[in-house]
Amino acid sequence: KAGVTQTPRYLIKTRGQQVTLSCSPISGHRSVSWYQQTPGQGLQFLFEYFSETQRNKGNFPGRFSGRQFSNSRSEMNVSTLELGDSALYLCASSLAEGTGNLLAKNIQYFGAGTRLSVL
Amino acid sequence: AQSVTQLDSHVSVSEGTPVLLRCNYSSSYSPSLFWYVQHPNKGLQLLLKYTSAATLVKGINGFEAEFKKSETSFHLTKPSAHMSDAAEYFCVVSDNTGFQKLVFGTGTRLLVSP
């Protein structure tokens, strides 16, 4: 099975622009989550999508948004880019089976990430 | 809220010596805990997971971790380090409130010298 695929791998943008990142999950996985990794803040949860619906969102401004398509592929968008948005953006997919504690046991598989540099 | 604390930001070992990466967790219920590894410019790879079955969990590449409820710890060990083990390691707890959300520790960078 193919793993989680993120495109593009690298992006360079300037302040004020917007950017769209793409994530294709493992076949059969219904949940896609996004994380931001920076040297200062570490790995932080952005949001999770399941069956085309955002189920949970982390503590990020509204400039960060996402969506999920019927084939479970997901995109995240960042508008009005700021220098502080420079980061590695990681996407993870999982089967997301069960609820509560059972759901928490699901393994999340990560893509290689998209490195965004904002100049 | 769940959290994990990685007690060391850097650990240095010599090749062939044991590895110990320490992690404490905070959770009001039986947590799902994971260790992930990240090599430079790569994504995160799962090493092992604890989900309330056996307390000693074996993972890939010779790593294992022991869940100790009394100490709220989930330390990662390996009997003999290899140069290829040099990477950043993350202790992670999974949210159980109905969403797929991972809470990461701050990471431990493992340095392996010849």
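Please refer to the structure placed before this passage.
My aim in this report is to walk through the structure given alongside it, one point at a time.

## Considerations on the packing of aromatic side chains
Here is step 1: Applying the stated criterion to the full structure yields 14 aromatic pairs over all chains.
Here is step 2: Geometrically, the ring pair formed by A:Tyr35 and A:Phe45 is edge-to-face, given 5.7 Å between the ring centres and 65 degrees between the ring planes. Of this pair, A:Tyr35 sits in strand 4 (residues 31-38) while A:Phe45 sits in strand 5 (residues 42-50); the two residues are ten residues apart in sequence, bridging distant segments of the chain.
Here is step 3: Between A:Phe110 and B:Tyr36, the ring centres sit 5.4 Å apart and the planes meet at 85 degrees, which makes this aromatic pair edge-to-face. Here B:Tyr36 lies in strand 5 (residues 32-38) and A:Phe110 lies in strand 10 (residues 109-110), a pairing that spans two chains. The pair formed by A:Phe110 and B:Tyr36 is uniform in burial state, with each residue classed as buried.
Here is step 4: Grouped by ring-pair contacts, the aromatic residues A:Tyr35, A:Phe45, A:Phe110, B:Phe34, B:Tyr36, B:Phe90 and B:Phe104 constitute a single cluster.
Here is step 5: The ring of A:Phe50 carries the charged tip of A:Arg55 above its face, separated from the ring centre by 4.2 Å.

## Here we look at the state of the cysteines
Here is step 1: This model, assessed by the stated rule, comprises two disulfides over all chains.
Here is step 2: Sulfur-sulfur distance for the disulfide between A:Cys23 and A:Cys91 comes to 1.7 Å. Of this pair, A:Cys23 sits in strand 3 (residues 19-24) while A:Cys91 is found in strand 9 (residues 87-94), placing the two residues 68 residues apart along the sequence.
Here is step 3: Residue class for A:Cys23 comes out buried when judged on its relative accessible area of 0%.
Here is step 4: A sulfur-sulfur distance of 2.0 Å marks the disulfide that ties B:Cys23 to B:Cys91. Residues B:Cys23 and B:Cys91 share a disulfide whose torsion about the S-S bond is about -65 degrees; that sign makes it left-handed.

Rules used throughout
- Residues numbered from 1 in each chain as written.
- Chains lettered and ligands numbered in written order.
- Predicted model: local features only at pLDDT ≥ 70, side-chain atom pairs only at ≥ 80, totals over all residues.
- Heavy atoms only, no water.
- Phe/Tyr/Trp six-rings, centres within 6.5 Å; stacked < 30°, edge-to-face > 60°.
- Helix = DSSP H or I, 4+ residues; strand = E, 2+ residues; numbered from the N terminus.
- Buried < 20%, exposed > 50% of the residue type's maximum accessible area, 1.4 Å probe, protein only.
- Lys NZ or Arg CZ within 6 Å of the ring centre and 35° of its normal.
- Disulfide = S-S within 2.5 Å.

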